[in-house]
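# Residue-level structural notes
Chain residues, written in single-letter form:
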Protein chains: 4
Amino acid sequence: MSSIRTDLAMEARELYSQQNKDMDGIESESEEEGGIEVTRVRVTSLKGEVKLGKPIGNYITIEAGGIKEGEPEFEESVSHRISEELKTLLELNRDSTVLVVGLGNWNITPDSLGPKVVGKIMVTRHILELIPDQVDERVRAVCAVAPGVLGITGIETGEVIKGIVDMVKPDVVLVIDALASRKTQRIGTTIQIADTGVNPGSGLGNKRMSINEESLGVKTIAIGVPMVVYAHTIARDSLDILINEQFNKGEAGAEFYKSLGEMQEEQLDAMVKDVLTQGFGDLVVTPKEVDMLVEDVSRIISEGLNLALHDNITLEESRRFLH
Amino acid sequence: MSSIRTDLAMEARELYSQQNKDMDGIESESEEEGGIEVTRVRVTSLKGEVKLGKPIGNYITIEAGGIKEGEPEFEESVSHRISEELKTLLELNRDSTVLVVGLGNWNITPDSLGPKVVGKIMVTRHILELIPDQVDERVRAVCAVAPGVLGITGIETGEVIKGIVDMVKPDVVLVIDALASRKTQRIGTTIQIADTGVNPGSGLGNKRMSINEESLGVKTIAIGVPMVVYAHTIARDSLDILINEQFNKGEAGAEFYKSLGEMQEEQLDAMVKDVLTQGFGDLVVTPKEVDMLVEDVSRIISEGLNLALHDNITLEESRRFLH
Amino acid sequence: MSSIRTDLAMEARELYSQQNKDMDGIESESEEEGGIEVTRVRVTSLKGEVKLGKPIGNYITIEAGGIKEGEPEFEESVSHRISEELKTLLELNRDSTVLVVGLGNWNITPDSLGPKVVGKIMVTRHILELIPDQVDERVRAVCAVAPGVLGITGIETGEVIKGIVDMVKPDVVLVIDALASRKTQRIGTTIQIADTGVNPGSGLGNKRMSINEESLGVKTIAIGVPMVVYAHTIARDSLDILINEQFNKGEAGAEFYKSLGEMQEEQLDAMVKDVLTQGFGDLVVTPKEVDMLVEDVSRIISEGLNLALHDNITLEESRRFLH
Amino acid sequence: MSSIRTDLAMEARELYSQQNKDMDGIESESEEEGGIEVTRVRVTSLKGEVKLGKPIGNYITIEAGGIKEGEPEFEESVSHRISEELKTLLELNRDSTVLVVGLGNWNITPDSLGPKVVGKIMVTRHILELIPDQVDERVRAVCAVAPGVLGITGIETGEVIKGIVDMVKPDVVLVIDALASRKTQRIGTTIQIADTGVNPGSGLGNKRMSINEESLGVKTIAIGVPMVVYAHTIARDSLDILINEQFNKGEAGAEFYKSLGEMQEEQLDAMVKDVLTQGFGDLVVTPKEVDMLVEDVSRIISEGLNLALHDNITLEESRRFLH
């Protein structure tokens, strides 16, 4: 099932475990509360890294399907949960400076999540430097940039960020990115927080450089939200479901399955490509209303960040600040 | 294959003819020139109307896959072709007034084609009324509106248009709409021109009233471009391809097919729904770059209209006018 | 002082009263509460109409300079005040239908107030028609359109509205428009509510047709907010202040004034034109941040409307509806 | 006349020379061709620097009032002229890398010129690095960023640029910025090219750090276009014109002037502040259509840059590249 692309460690683990028993190097646990399910996947060794295609580290996934209902209270509880989970990885001091980086292309709606989050961050670093007396002691130094993508700037996104990090010298870098998942119900409702940063090929923008602690020289946490499923994934999943259904149908199914045995992964992929011929670039599946969805999700994420980055700030205060 | 939605008469005909021989009430012919294929489907009787689910009338489809290459010369040749085909249906007089209507929701990228076209139309009616002496005799009276959608205005789009038609009394109404097709390669590359207007349930915005000669009291021509394929269609098409492949595999295939014989359309649809669970609204497949695509296609369409609505106007002149 | 343009009846009255004693046909009274000053100007006769250049009717002006501070509580109190004043003119029944019309050009930032307000209105008419059982009894039928401007559509704005009114048959039309005032401190902080509609030449868009009860056949209330001062007004006001200062300086002032006596209004205007040569269209004075200002003011106005048009709706409820 | 703010060296020189004879340290010459006037101001010594408030260096001003007419041919000739003047300062080699920086706030229309120009630059550096074989030899390595402003990022713009310069190591930095001028007719029609970079307090965004060769360690050229006149300048200019008119009126004028002699600059400024009370931030004068103007001017500038940065590129080619 190599042709199914997912940026979620949790989904990579699910896919892997469907066909393998040996979970050595991969730990996972889940809990649910108030309609929000949190799954913690830990890749603990190189073995695990190879199995999932995800670097050693922690991957916290917050699933909040209820976001679809549009209830402000529920959305606020998601922001609070993001804040709490984020804090466990951030370990900020009183004087920490945080750089928030919104990855992605602002001209491509589903890829514009990062820049949209950045536009709603409580940016305070300059105020603390220029008029420290007028700033509440709960406020930490936060700065934020949306560096654009290679095709727009001609510069590797990692290079732009590295240059800014070298000037600003933040204690932590928080990278926001739009992801691709495997399942449509996770679009706009699932948030992954990882202390491994962003790695080549991940996200909608296909980075080619790592953006992580190793490349930047400072702790780097990535926050990602699936905004699309690749059309190819949808088509392949449909085939798999049909094949499994048939297999469970007794003799005829067995016969069918035998014939399928001769079908390679490549053949199934080729079949799907017949359905998906098109020439403009990757085909993606999104809700028709993805423009509004990006708006909503970026607000939920940015409020989670505002709560996490400053001490004892209320949502009311962060909204008033941004007003 | 009832669950596959297409707004193109040409595709409806294709789907119908795959499983039926009796094409009574449906005529079709194609020609190709300079990389542009033109198919003319004619629904000639109620029988044809029932078969295709499209009203009696003419449906001209311009397929221009080369649009993907982004060559200005080719795009201009598509605009010219749109103009020529449109003129055969328009039959304008020297003093005709034309109302261009851009259907769709400007807040939903793939549904914003109509409003985007309207923004690039050479609007001249007011100039001809206020300062007729300063207007070139080749210029016809053109006005243009984007009436919004029911969810935004609280008024049926057809009602808004009818109200404006009653005031302006145009000789022809041209309605632009974003469509759904069955095949991904037609997204942004295929233009349908129909003298039957727009009918309930068609387009991305799910109109509930007809917008046609009968409802408006004036000749109404619809121009539509597929901007999405429904995700459901992609998934169903994948299943159909797999099933057909298997059928052609001799004995095992025949066995498999027998077992499939017991599967209802509804079962296949249910299977697909398992893959496509999500809660925000319809899932659509688009190129990731649909924002730019809408921009490009709206320019090609609007230039086709500008060429068709005025006499012997050049593209250079229409661009200068809009500058 | 004929060259100073203002759309506010209150300012027209101020200007008139500076040079005239006879206020026959014009009534005016003011009250202040909670930082909001409300002035009610009543033009009671044709005499008053000629004096002010404003039709017979009621003009309620709400001045809320505190909007500049950006305090959410104060802004909400302004919305409540708009709602209360509006209700005195609206006189809605349980079954009244209201059409909200946002005048102005969405491509010109300070003129985009009307369309921006329309985008934040609780639109309910279609819900009441389609699924009346699911609608709260406090909700009234509200629909909303932004008809564009003559240069964009080629149709007089009044014609478009008349056409829609004839189809929808609302009981009241509420027209929102961006205005020009005389004083910069009123930009974005003053709201005029008038039962005389919108009249030729008023607003930033220079309408040429009346949009009022006479032209539409239904009660029409206009809500306007100054978003610009014409640069010409600024320059002329500067001259007037200098001239008055000099006049108060005793003998030299008297001498100077005598020499000014020979200066015509036209000469002063010509002088100002020397300063304001430019060729792109009217020069306007706005705060540099007018993009954000239009956003804020449109929210305050739309919330005032949402409170006024439905019964006992809270701001919380209207925000949730629009979410 | 200290209260009149201008970012144009040419205007600073005009203002200075109205009241002073000693032009030591300042050189200036003009030429006109095809409706375009080019003025070259050279500040040659610290004396000149103090007089004009502009650092030692070259300031080329291109005045093209005809831009208002919107003729494509004329606009193209302006782009060509920008290219030619720019080349005299750039001195590029075959292998030079150029970083284009668009200063300004994309949320404030008249300040969004820089980011808008960046969006229309032929960005090629990544293509030359990744697939050098596929690139025409005339193409030079160009990259481009819009770093945002202090209030949005929390980081000094100069710091962001310095960080990127240290990573990318360009041979030249080209900084685009929206300016304030003294005269309304220069809005959107005048282009200043300076080899002194951008200095504190200049531009609409009020930088506080220099962005020049000294701070970046690499040749830095600034391209600026006035997009506003401060309202204060308009008001003060009106007063000055009135005062001068009166002075030329013989005896009464002389008397008046004597009385004015007692008026300080500060008094005139205070008078103007009476007219311009407002609380949202700086009041600026712009054409009402500034949104469209920024669009047009950014195209003219970016095309000038595209012509200058690559060898023997035509406008047709640069447009096709960006398509």
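Above: the structure in question.
Scope of this entry: the structure provided in the associated data block.

The rules behind the values
Residues numbered from 1 in each chain as written. Chains lettered and ligands numbered in written order. Predicted model: local features only at pLDDT ≥ 70, side-chain atom pairs only at ≥ 80, totals over all residues. Heavy atoms only, no water. Helix = DSSP H or I, 4+ residues; strand = E, 2+ residues; numbered from the N terminus. Rg over C-alpha atoms; globule rule 2.2 N^0.38 Å. Buried < 20%, exposed > 50% of the residue type's maximum accessible area, 1.4 Å probe, protein only. Pairing = 2+ DSSP bridges. Polar contact = N/O pair within 3.5 Å; in protein donor to acceptor, adjacent residues only side chain to side chain. Axes fitted to C-alpha atoms, helices over the stretch in contact; angles between N-to-C directions. Parallel < 35°, antiparallel > 145°, perpendicular 65-115°, else oblique. Left-handed = near helix turned anticlockwise from the far one by under 90°. Contact = heavy atoms within 4.5 Å. Nonpolar A, V, L, I, M, F, W, Y, C, P; charged D, E, K, R; others polar. Salt bridge = Lys/Arg side-chain N within 4 Å of Asp/Glu carboxyl O. Least-squares fit on C-alpha atoms with pLDDT ≥ 70 in both. Buried area = accessible area lost by both parts, 1.4 Å probe. Core = buried A, V, L, I, M, F, W, Y, C linked by side-chain atoms within 4.5 Å.

## Considerations on the overall build of chain A
Within chain A one finds 13 helices and nine strands. Taking 2.2 N^0.38 as the reference for a compact globule, 323 residues should give roughly 20 Å; the C-alpha atoms of chain A span a radius of gyration of 21 Å, in line with that estimate. Along the first, second and third principal axes, the C-alpha set of chain A runs to 80 × 45 × 40 Å. Across the 323 residues that make up chain A, the buried fraction comes to 60%.

## Things to note about the pairing of strand S8 (residues 219–230) of chain D
All names here are of chain D. The buried fraction of S8 amounts to 11 of the 12 residues, a majority that puts the element mostly inside the structure. As paired elements, strand S6 (residues 172–181) and S8 share 10 bridges and run parallel to each other. What sits directly across from valine 172, in S8, is lysine 219. Summarising the sheet, strand S7 (residues 190–194) and S8 pair through three bridges and their orientation is antiparallel. Paired with glutamine 192 across the strands is glycine 224, a residue of S8. Across two bridges, S8 lies against strand S9 (residues 283–287) in antiparallel orientation. If you follow tyrosine 230 over to S9, its bridge partner there is valine 284.

## Quick word on the pairing of strand S2 (residues 36–43) of chain A
All names here are of chain A. Direction of pairing for strand S1 (residues 26–33) relative to S2: antiparallel, over a ladder of eight bridges. What sits directly across from serine 30, in S2, is threonine 39. Hairpin connection from S1 to S2: two residues lie between these consecutive antiparallel strands, with glycine 34 at a positive phi of about 60 degrees. Pairing between S2 and strand S3 (residues 57–63): seven bridges, direction antiparallel.

## As for the environment of serine 96 of chain D
Residues and elements named next belong to chain D. Following the sequence through the fold, serine 96 ends up in the loop between helix H3 (72–90) and strand S4 (97–102). As a C-alpha pair, serine 96 and glycine 48 span 48 residues in sequence and 32 Å in three-dimensional space. Side-chain polar atoms of serine 96 contact the backbone nitrogen of asparagine 93, separated by 2.7 Å.

## A closer look at the packing of helix H3 (residues 72–90) of chain A against helix H12 (residues 290–309) of chain A
Residue and element names in this part refer to chain A. Close contact between H3 and H12 brings their axes to 7 Å; oriented N to C, the two are set at 45 degrees. As the angle between them shows, H3 and H12 are arranged oblique. With respect to the hand of their crossing, H3 and H12 are arranged in right-handed fashion. Residues Glu75, Val78, Ser79, His80, Ile82, Ser83, Leu86, Lys87 and Leu90 of H3 form the contact with H12, whose own contacting residues are Arg299, Ile300, Ile301, Glu303, Gly304, Leu305, Leu307, Ala308 and Leu309. The class makeup of the residues in the contact of H3 with H12 is 10 nonpolar, four polar and four charged.

## Some remarks on the pattern of salt bridges
Residues and elements named next belong to chain A. Tallying each qualifying case throughout the model produces 104 salt bridges over all chains. A salt bridge links glutamate 31 to arginine 40, with the nearest nitrogen and oxygen atoms 2.4 Å apart. Looking at arginine 40, the relative accessible area reads 24%, which means it is partly exposed. Two residues, glutamate 75 and arginine 299, come together in a salt bridge whose shortest N-O distance is 2.6 Å. Residue glutamate 75 is located in helix H3, and its partner arginine 299 is located in helix H12; the two are separated by 224 residues in the primary sequence. Residue class for glutamate 75 comes out buried when judged on its relative accessible area of 5%. Bridged by salt links that share partners, the residues Glu29, Glu31, Arg40, Arg81 and Glu85 form one connected network.

## Observations regarding the relation of the copies chain B and chain C
The two copies are related by a screw operation: chain B maps onto chain C through 180 degrees of rotation and 0.0 Å of translation along the axis, at an RMSD of 0.0 Å. The superposition of one copy onto the other is thereby described by a two-fold rotation axis. Across chain B, the smallest distance between a C-alpha and the rotation axis is recorded for glycine 163 of chain B, namely 2.0 Å. Comparing interface residues between copies, 100% of those in chain B also sit at the interface in chain C, which points to an isologous, same-surface contact.

## Let's talk about the interface of chain B and chain C
On the side of chain C, 23 residues touch chain B, which itself brings 23 residues to the contact. Taken together, both faces of the contact between chain B and chain C bury some 1900 Å²; the carbon and sulfur share is 65%. At the junction of chain B and chain C, the tally comes to two salt bridges. We note a salt bridge from arginine 125 of chain B to glutamate 159 of chain C, for which the minimum N-O separation is 3.6 Å. Viewed at the interface, chain C and chain B are joined by four residue pairs in polar contact (both at pLDDT 80 or more). Among the elements of the structure, helix H5 (125–130), strand S5 (141–145), helix H6 (150–153) and helix H7 (157–168) of chain B are those that each provide at least two residues to the side of chain B that touches chain C. Considering every element that reaches the side of chain B that touches chain C, the biggest residue donor is H7 of chain B, with eight residues. Taken together, the residues of the side of chain B that touches chain C break down into 13 nonpolar, five polar and five charged.

## Thoughts on the environment of valine 78 of chain D
Residue and element names in this part refer to chain D. Note on placement: valine 78 falls in helix H3. Linking valine 78 and alanine 180, residues 102 residues apart in sequence, is a C-alpha distance of 20 Å. Beyond its immediate chain neighbours, meaning those up to four positions away, valine 78 contacts Ile36, Ala64, Ile67, Ile191 and Ile300.

## A short note on the nonpolar core
In terms of nonpolar packing, the biggest core is built from 122 residues, with Val100 and Leu305 of chain A together with Val100 of chain B touching the most fellow members. For valine 100 of chain A, the residues in contact, after removing those within four places along its chain, are Val118, Ile121, Val142, Cys143, Ala144, Val145, Leu174, Ile176, Leu305 and Leu309 of chain A.

## Digging into the packing of H12 of chain A against helix H13 (residues 315–322) of chain A
Residue and element names in this part refer to chain A. Running from N to C, H12 and H13 cross one another at 110 degrees; their axes reach a closest spacing of 10 Å. Viewed along their axes, H12 and H13 adopt a mutual orientation that is roughly perpendicular. Of the residues in H13, those in contact with Glu303, Asn306 and Leu307 of H12 are Leu315, Ser318, Arg319 and Leu322. Considered class by class, the residues forming the contact of H12 with H13 number three nonpolar, two polar and two charged.

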